[in-house]
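Inside the fold
Each chain, written out:
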Amino acid sequence: MNESNPLLQIKDLKTYFFLDEGTVKAVDGADLELGTCSTLGVVGESGCGKSVAARSIMQIVAKGGRIVSGEILFHHQLCKPGTDRRLSEKEEVIDLAMLDPQGDKIRSIRGAEISMVFQEPMTSLSPVHTIGNQIGEVISLHQKLDPKQAREKAIAMLDHVGMPLPKRTIDRYPHELSGGMRQRAMIAMALSCHPSLLIADEPTTALDVTTEAQILSLMRKLQDELGMSIMFITHNLGVIAQMADRVAVMYLGKVVEAASVDTLFYKPLHPYTQALMESIPRLGAKKRRGERLASIRGSVPDPYNLPKGCPFHPRCAKRVPNVCDREEPPNLKVDQGHEVRCVLYK
Amino acid sequence: MTNQPKIPVDEEAKIEEKIAVATPATMMWWKFRKHKAAVISTVFLVFMYLLAIFCEFVSPSVPDATSARYMSAPPSTIRLVDVEGKWHAPFVYLTEMSRDPVTRRAIYTENTEVRYPIKLFSTGPAYKFWGLWETDIHLFGLGVADEEQRVMLLGADRVGRDMLTMTVYGARISLSIGLIGVALSLGMGIVIGGISGFYGGAIDNFIQRVIEFIRSIPHIPLWMALSAALPLEWPVLKVYFAISMILSLTGWTSMARTVRGRFLAMREEDFILSARLTGSSEGRIILVHMVPSFLSYIIAILTLAVPYMILSETSLSFIGLGLRAPAVSWGVLLAEAQNVRSIALTPWVFWPAVAVISTVLAFNFLGDGLRDAADPYAR
Amino acid sequence: MLGYILRRVAIMIPTLFVISIMTFIIIQLPPGDFLTSYAASLRAQGEVIDEDEMEVMRERYGLNQPIYVQYAKWIWGIMTRGDWGQSMSLQVPVKDLIWQRMALSMVLSVVSLIVGWFIAIPLGVYSATHQYSLVDYIVTFISFMGIGTPSFLLGLVVMYVAMNYMGLTVGGLFSSQYIMAPWSWDKVIDLAKHIWIPIAILAFNGTAGGLRTTRANLLDELNKPYVETARSKGLKEGRVIWKYPVRVALNPFFSTVGWELANLIGGATLLSIVLNLQTEGPMLLNALTAQDMYLAGSFLFLLSAITVVGTLVSDILLAWVDPRIRMT
C-alpha cells in the first residue's frame, strides 16, 4: 500500500438532515482518508453516521439531508479503460461535495468510478426487473455499449463474481436467487464498470456466516484483480479485522479514532474504541465464573439533542469533569497514521 | 448553557423514561393532531351530527310546512342596516309575492316598511322533540305566524318548504344510515370473517369464494335491483332499515376480508408467538394482544366506509329506488330537485348536495388522518 | 402462463352460471310480477284490465310457471339461440335492446378508465416526488374532492354550469336527429361531440382514486433500498423514478382493474340516469321499476359478467407484470 497516494480525502464533512422535528447532525465534522488499492474499514454503532458519510461521497443522501460544509476530494485517475489504474500518471482532483447531486458530473462518477454495495441484497435489487436488466443498465449507461454487448459483459461479470450458471441466472429475478447469490449479483453490478472505489455498506450483515465468509473472500480477490479501493462499513469488528488495512471509528457523526488495523486492535486509545474492543467475545479467553462480557453503558443519545463537548462524555468511563462536557476535543496525531479525538492524549 | 450542571445518570434515565412511556394512544393523538384537515373535519362532523341529533330544535320550521306563499322563494336576506341607514340587531324585511304576468312565475320583493327582528329561542311551528315532547321553541326564528313571514336562510323548495329545515332533517337520516350500515357490515364482517379465519380449511375457502362472488357483482346495479324489490307501501322506518341492510349486504365483504387478513397476518407476528410461548391463553392473546393492535386500523377503515354508505343511500334515493318522500334524506331532497329547470332557476335547492359532498369529504379526511395515526410508529 | 389463463377461464364459467341464477332470483324478489305492476300502472291512469286478459298474458310470458322452469328456458334460450327473452314493457326481444346500450356503456367506462389513468399516473408521480409542495397539496385536495363527489352529483353540477353560464343543455349521447338513425360516420362524430362530457365526469372520479393510489404506493416505494441502488448507478433522476419505483407502484393498478371497472360501471349507470344517456342506466332503472324481468335480468347479468371478465383480465395482467406472483 502506498500511503502517499490518496484516492479519497474527506475533510471536516458535515451532512445534516433538516426535518420537521429538528436538525439531525448525522455527520458532524468527519475526516477520513483512503489510499489507492487499500481498504478502509468504518466502524460504529447504528446511527453514528457511517452510512450517511458513505452516501455523502456519492451525493445520494436521502431526502431532507444535504452536505452543509466540508470537502470530499476524489483523486480521479485518468487512464485508458482496461489498463491498470495503478500505473496511471495523471490524475484529476474533484471535490465531490461541491457537485450538484443531480448533475452530469457526479452521475458520470456514480456507478462508474465510485459504486456501492448495500446491506439488504433482497430489497436493494428491483423485484420486477431481471438481474441482467439491472446490471446491463449500468454497463450501457457508462460504457456506451449496445444492449447485446452489455449483456455479454454482464454475463462475464456474473461469471467473474462466481455466480453459478451466469448465462441462465442473468434472466432470473432477484426473488428466484438465494441471499448470497443476490449479493454476488449486487457486487457484479457495482464492479461492472471497474470503479476505483467500492463502498460496501454492511454488505454481509444480512447474510449467514458461511455466505459472509464467501462474499468477503470474493471481495478481497476482486480487489486484487481489479485494483480498487474499498470503503467497508460495518459494525462487526471481526469483519473489520479480516478486511481492512486502516480503520476509522465513528461516533455521533465524528471520526473519534483512525489507525491502521493492527494499531487499533492492539493499542486502542479512545475510550470508545477501547470499550468496543472489550465488548467482543473472545474465543478461548479465560473468564472468571460470573464475569460478564463488558458492554458500553447507555445508548446513543437523542440525535436532535447532542451532548455538549465531547459527544461520548455521558457514556465515557474516563471522562474528565469540567473538561469533557465543555470543550470539543481536538483531533490529535499521536503516532504515524494514528489519530484520536480525546483530551486524554493532549 | 456554559454552566450547565452535569445531569446525574438516574435523572437522565428518568428523561429517557418519559419519552418511552408515551402510550400508543398518546402517540396516535400526536400524529393525528398533525393532520390539520382531519382535525378540522372532526370538528365539522361533530357539528353536523349535533345538527342531526337536535334537528327539530335547530331548524326554524318543520318539514311538512308546505306553503304556496313561499314556493321556490330565494334565501332571505339578513340585514343589519335598514334603508335609512340605521343599525339594528339582525332582521329581515317582509317579503311579498307577486306573479310575473307572462310566465306566471313567482316574484319575491322586499317590503322595507315592515321589519322582523330575528329572535333566539323564538316560537315557531309546533313539533314533537325526538317524537316525545310537544313544543314550539326553535333555536331561532321571527316569532310570528308561519304565513306572515319566515326567515329562510337557504330559501324554499318547489312546494314552499324551508330548505334549511329540510337539509337539517335530511342530515338525521343520511348521517345515521351511514353509521347503521357500517355497524351492520362490521357485525357481519367480524362474525363471518372471524369464522373464516378461525376455522380455516373448507369453511374458510367457501366463505372466501362467496365474498369474491359478491364482490364481482357491480354494487350499484345490485343495490338498484334489490331496492326495486322493496314494496312501495312499506313505512319509512321499514324502508330505512331495509336500505341499510341492502347497503351492508355488500359492505360486509370488505370488512370480513380486512378482519380475516389482519388475523392471519398477526398470527405470524413475533409478539404473538412470544405471548403464546409465555403461556397466554388463546382468548387472552386475541383480546389483549391481537385486537388492540388492529383496532385502530379497523376504526380507520370503518371511518372510510361511512361516507361510502352515505353516498350510496344518496344515490339510491336520488334515482327513486331508495327512500321516498315523505322520508326526508339528502338523496330524497336531491331527487325532488332533479330537473334542469330547478338547477337554473332555484339553485338553492341543491344545498343538500353541498351537505353530502362536505360530509363525505370530511369523513375521508378524518379516515385518512386516523389511518396515518393508526400506525404511530411509521415514519 | 397459458395454463394459468386456461385455468382461470375454467373457474370463470361456473361463476357466471351462479351469477345468472342469482340475478334471476333477485329479479324475482319483488312481490307480484310484471303484470301486477302493469295493471297497477294502468289503474293509476284510470284504466281497468280484466282478470281473463291477465291470465292470457301470464300464459304467454310463461309467468305462471315455476321459477326454475322460467330460468331454465331463459338460460337455454341464451345459450342456444342468443335469445335473451322478451321485454314485456317494450314488446321487443331483449337482444335488440341491450347490445347497443351495453356497448355504449362499455365505451364510456373503458375510455373514462384510460383517460383517468393517463391523468392520474403522471400527476400522482409528481405529487409523490414533490411531497408537501404546493402542487402536492392542490393535487391531494382535488383527489379528495373527486372521491367525495359522486359522478351523478358532478353531473348535476356540470348541467348547472352549462345551463347558467353557457346556455347549453347537457344530456343525451346524440343529437335528436341521430337517436333513431342507423350508424353512420356522422353519427359517430355526433356521439363524440356528446360523450366527452360524461367521460370527463367519470374520468374525474377515476383520476381521483388513481391519484390517491399512485401517490400512496409511490411514497412507500420511494424509500425502498432499490431506489437508492438505481440512484447509485448514476442514472438520471427521472429515469430512476420512472423505471423503478413507479413500475412497482403501478402493480396495484393492474390488480384493481376489475374492481375499478365495476365501480365505473356503477357510476356510469347513475350518471347516465341523470344525464339521460342512451346507455344501460336509464333502461335498467325503468326495467327494474316495471318488473320487466328479462330485460332487467339480462342487464344485471351482463354487468356482472363484465366485472368477472375484468377481474380475470386484471389477474392475468398482474401475473404478467409482476414476476413475484406465483401462477397457481
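What you are looking at is a predicted structure, and each value in this text was computed from that prediction instead of being measured. (Residues numbered from 1 in each chain as written. Chains lettered and ligands numbered in written order. Predicted model: local features only at pLDDT ≥ 70, side-chain atom pairs only at ≥ 80, totals over all residues. Heavy atoms only, no water.)

Per the secondary structure count, chain C includes 15 helices and two strands. Principal axes of the C-alpha set define a box for chain C whose edges measure 85 × 55 × 40 Å. Here chain C, with 328 residues, has 52% of them falling under the buried criterion. Of the contacts made within chain C by residues no fewer than 6 positions apart, 73% connect residues no fewer than 24 positions apart. Taken together, the 22 basic and 22 acidic charged side chains of chain C have centroids lying 16 Å from each other. (Helix = DSSP H or I, 4+ residues; strand = E, 2+ residues; numbered from the N terminus. Buried < 20%, exposed > 50% of the residue type's maximum accessible area, 1.4 Å probe, protein only. Contact = heavy atoms within 4.5 Å. Lys, Arg positive; Asp, Glu negative; His and termini not counted. Charge placed at Lys NZ, Arg CZ, Asp CG, Glu CD.)

This paragraph deals with the overall build of chain B. Across its full length, chain B holds 13 helices and seven strands. The C-alpha atoms of chain B give 27 Å as radius of gyration, which overshoots the globular expectation for 379 residues (21 Å, by more than 25%). If one aligns the C-alpha atoms of chain B with their principal axes, the spans along those axes are about 85 × 75 × 40 Å. Counting across all 379 residues of chain B, residues that qualify as buried make up 47%. The contacts of chain B with a sequence gap of at least 6 include a subset with a gap of at least 24, amounting to 67%. For chain B, the accessible area works out to roughly 18,900 Å², and carbon and sulfur atoms hold 67% of it. (Rg over C-alpha atoms; globule rule 2.2 N^0.38 Å. Areas by Shrake-Rupley, 256 points an atom, 1.4 Å probe, with all protein chains shown as cover.)

A word on a nonpolar patch on the surface. All names here are of chain B. On the surface, a nonpolar cluster with roughly 690 Å² of combined accessible area is contributed by Val46, Leu50, Ile53, Phe54, Trp130, Leu132 and Trp133. Take the nonpolar patch: its biggest share by element is three residues, from helix H3 (residues 36–53). Locating leucine 50 in the fold gives a position in helix H3. (Patch = residues over 30% accessible without salt bridge, like charges linked within 9 Å, V, L, I, M, F, W, Y side chains within 5 Å. Salt bridge = Lys/Arg side-chain N within 4 Å of Asp/Glu carboxyl O.)

Moving on to the packing of H3 of chain B against helix H13 (residues 351–374) of chain B. Residue and element names in this part refer to chain B. The N-to-C vectors of H3 and H13 enclose an angle of 130 degrees; their axes lie 8 Å apart at closest approach. Between H3 and H13, the crossing angle belongs to the class labelled oblique. Here H3 and H13 pass one another in a crossing that is left-handed. Across the interface between the two elements, Ala37, Ala38, Ser41, Thr42, Phe44, Leu45, Met48 and Tyr49 of H3 pack against Ala355, Ser358, Thr359, Ala362, Phe363, Phe365, Leu366 and Gly369 of H13. (Axes fitted to C-alpha atoms, helices over the stretch in contact; angles between N-to-C directions. Parallel < 35°, antiparallel > 145°, perpendicular 65-115°, else oblique. Left-handed = near helix turned anticlockwise from the far one by under 90°.)

It is worth spelling out the side chain of serine 244 of chain B at this point. Tracing the chain through its elements places serine 244 of chain B in helix H8 (residues 236–267). In this view, serine 244 of chain B contacts Ile177, Ile180, Gly181 and Leu184 of chain B; residues no more than four positions away in its chain are not counted.

On to unusual backbone geometry, then. We note that leucine 252 of chain A has phi near 45 degrees; this positive angle belongs to a residue other than glycine. Mapped onto the secondary structure, leucine 252 of chain A falls in the loop between strand E9 (246–251) and strand E10 (254–260). Not every positive phi belongs to a glycine, and glutamine 291 of chain C is a case in point at roughly 55 degrees. For glutamine 291 of chain C, the location among the structural elements is in the loop between helix H14 (280–289) and helix H15 (293–321). In this structure glutamine 291 of chain C comes out as buried when scored by relative accessible area, which is 18%.

What follows is about a negative patch on the surface. Residue and element names in this part refer to chain C. Judged by side-chain charge, Asp50, Glu51, Asp52 and Glu53 come together as a negatively charged surface patch. Within the secondary structure, glutamate 53 is located in helix H3 (residues 51–61). Taking the relative accessible area as the measure of exposure, glutamate 53 reaches 42% and is therefore partly exposed.

Right, let's get into the confidence of the model for chain C. Per-chain confidence: chain C averages 83 in pLDDT, with 98% of residues scoring 70 or above. For this predicted complex, the interface confidence score (ipTM) comes to 0.85, while the overall pTM stands at 0.80. (pLDDT = per-residue confidence, 0-100.)

Moving on, we come to the sheet that holds strand E11 (residues 331–335) of chain A. Residue and element names in this part refer to chain A. The strand order E6-E7-E8-E3-E9-E10-E12-E11 describes an open sheet built from eight strands, whose pairing is mixed. With partners counted over all chains shown, the strands left at the sheet margins are strand E6 (114–117) and E11, one partner each. Averaged over all adjacent pairs, the angle separating strand axes in this sheet is 20 degrees, with direction ignored. With four bridges joining them, E6 and strand E7 (residues 197–201) adopt parallel strand pairing. Paired with methionine 116 across the bridge in E7 is isoleucine 199. Of the strands in this sheet, strand E3 (39–43), E6, E7, strand E8 (229–234) and E9 touch helix H1 (residues 50–58), which is tilted by about 145 degrees from E6. (Pairing = 2+ DSSP bridges.)

Before going further, it helps to spend a moment on the packing of aromatic side chains. The geometry of an aromatic ring pair is captured by two quantities: the separation of the ring centres and the angle between the planes. On inspection of all chains with the given rule, the structure shows 26 aromatic pairs over all chains. Aromatic side chains tyrosine 240 of chain B and phenylalanine 241 of chain B sit 5.2 Å apart centroid to centroid with 85 degrees between the ring planes, which places their arrangement in the edge-to-face category. Relative to phenylalanine 141 of chain C, the ring of phenylalanine 365 of chain B lies with its centre 6.5 Å away and its plane at 20 degrees, an arrangement referred to as stacked. Of this pair, phenylalanine 365 of chain B sits in helix H13 while phenylalanine 141 of chain C is found in helix H6 (residues 134–148), placing the two residues in two different chains. (Phe/Tyr/Trp six-rings, centres within 6.5 Å; stacked < 30°, edge-to-face > 60°.)

Residue and element names in this part refer to chain C. Entries for chain C in the domain assignment read domain 1 (2–93) and domain 2 (95–321). Placing a centre on the C-alpha atoms of domain 1 and another on those of domain 2 gives a separation of 31 Å. With 32 residues of domain 1 at the contact, the number on the domain 2 side is 27 residues. Three residues, Ile27, Trp84 and Pro93, lead the burial of domain 1 against domain 2; their summed loss comes to 26% of the area buried on that side. Taken together, the connections running from domain 1 to domain 2 amount to one salt bridge. A salt bridge links aspartate 315 to arginine 8; the shortest N-O distance between them is 2.5 Å. Taken together, the connections running from domain 1 to domain 2 amount to four residue pairs in polar contact (both at pLDDT 80 or more). When residues of the side of domain 1 that touches domain 2 are traced back to their parent elements, those giving at least two are helix H1 (2–28), helix H2 (34–44), helix H4 (67–81), strand E1 (86–87) and strand E2 (92–93). With twelve residues, H1 is the largest single contributor of residues to the side of domain 1 that touches domain 2. For the side of domain 1 that touches domain 2, the per-class residue count stands at 19 nonpolar, eleven polar and two charged. (Domains from an automatic or database assignment. Buried area = accessible area lost by both parts, 1.4 Å probe. Polar contact = N/O pair within 3.5 Å; in protein donor to acceptor, adjacent residues only side chain to side chain. Nonpolar A, V, L, I, M, F, W, Y, C, P; charged D, E, K, R; others polar.)

Next up on the list: the interface of chain A and chain C. In this assembly, 27 residues from chain A lie in contact with 24 residues from chain C. In total, chain A and chain C occlude about 2,200 Å² of area from one another, counting both sides; carbon and sulfur atoms represent 59% of this. On the chain A side of the interface with chain C, the three residues burying the most area are Arg107, Val128 and Glu137 of chain A, jointly 26% of the side's total. Where chain A touches chain C, the interface holds four salt bridges. Residues arginine 239 of chain C and glutamate 137 of chain A are paired through a salt bridge, measuring 3.5 Å at the closest nitrogen-oxygen approach. Along the contact surface separating chain A from chain C lie twelve residue pairs in polar contact (both at pLDDT 80 or more). By residue number, the principal contributor to the side of chain A that touches chain C is helix H3 (residues 131–143) of chain A, which donates six residues. The residue inventory of the side of chain A that touches chain C, partitioned by class, reads twelve nonpolar, ten polar and five charged.

All names here are of chain B. Taken in spatial order, the three strands of this open sheet run E1-E2-E3, and their pairing is antiparallel. Of all the strands in the sheet, just strand E1 (79–81) and strand E3 (106–117) have a single pairing partner and so form its edges. Averaged over all adjacent pairs, the angle separating strand axes in this sheet is 45 degrees, with direction ignored. In this sheet, E3 lies alongside strand E2 (residues 87–99) in antiparallel orientation, the contact comprising nine bridges. Paired with threonine 95 across the two strands is glutamate 110, which belongs to E3.

This part takes up the side chain of histidine 313 of chain A. Residues and elements named next belong to chain A. Mapped onto the elements, histidine 313 comes out in the loop between helix H10 (271–278) and E11. Classification of histidine 313 as buried rests on a relative accessible area of 10%. The contacts of histidine 313, once residues within four sequence positions are left out, are Pro307, Lys308, Arg319, Cys324 and Asp325.

Another point: the packing of helix H11 (residues 330–337) of chain B against H13 of chain B. Residue and element names in this part refer to chain B. Relative orientation of the contacting elements H11 and H13 amounts to 140 degrees, with a least axis distance of 9 Å. Between H11 and H13, the angle falls in the class oblique. In this structure, H11 crosses over H13, and the sense of that crossing is left-handed. On H13, the residues touching Trp330, Leu333 and Leu334 of H11 are Pro352, Ala353, Ala355, Val356 and Thr359. Partitioning the contact of H11 with H13 into residue classes produces seven nonpolar, one polar and no charged.

This brings us to empty space enclosed by the protein. Here the structure, examined in full by the defined rule, presents four cavities of 30 Å³ or more. Considering only enclosed or pocket space, the largest cavity measures out at about 60 Å³ in volume. Lining the largest cavity, in full, are Gly111, Ser115, Met116, Val138, Met189 and Ala190 of chain A together with Thr229, Ser232 and Lys233 of chain C. Those elements that place two or more of their residues in the lining of the largest cavity are E6 and helix H6 (179–191) of chain A together with helix H9 (225–232) of chain C. (1 Å grid on protein atoms, 1.4 Å probe; cavity = no way out; pocket = protein on both sides within 12 Å on 5 of 7 lines; lining within 4 Å. Points joined across faces, edges and corners; volume = space filled by probe spheres on them.)

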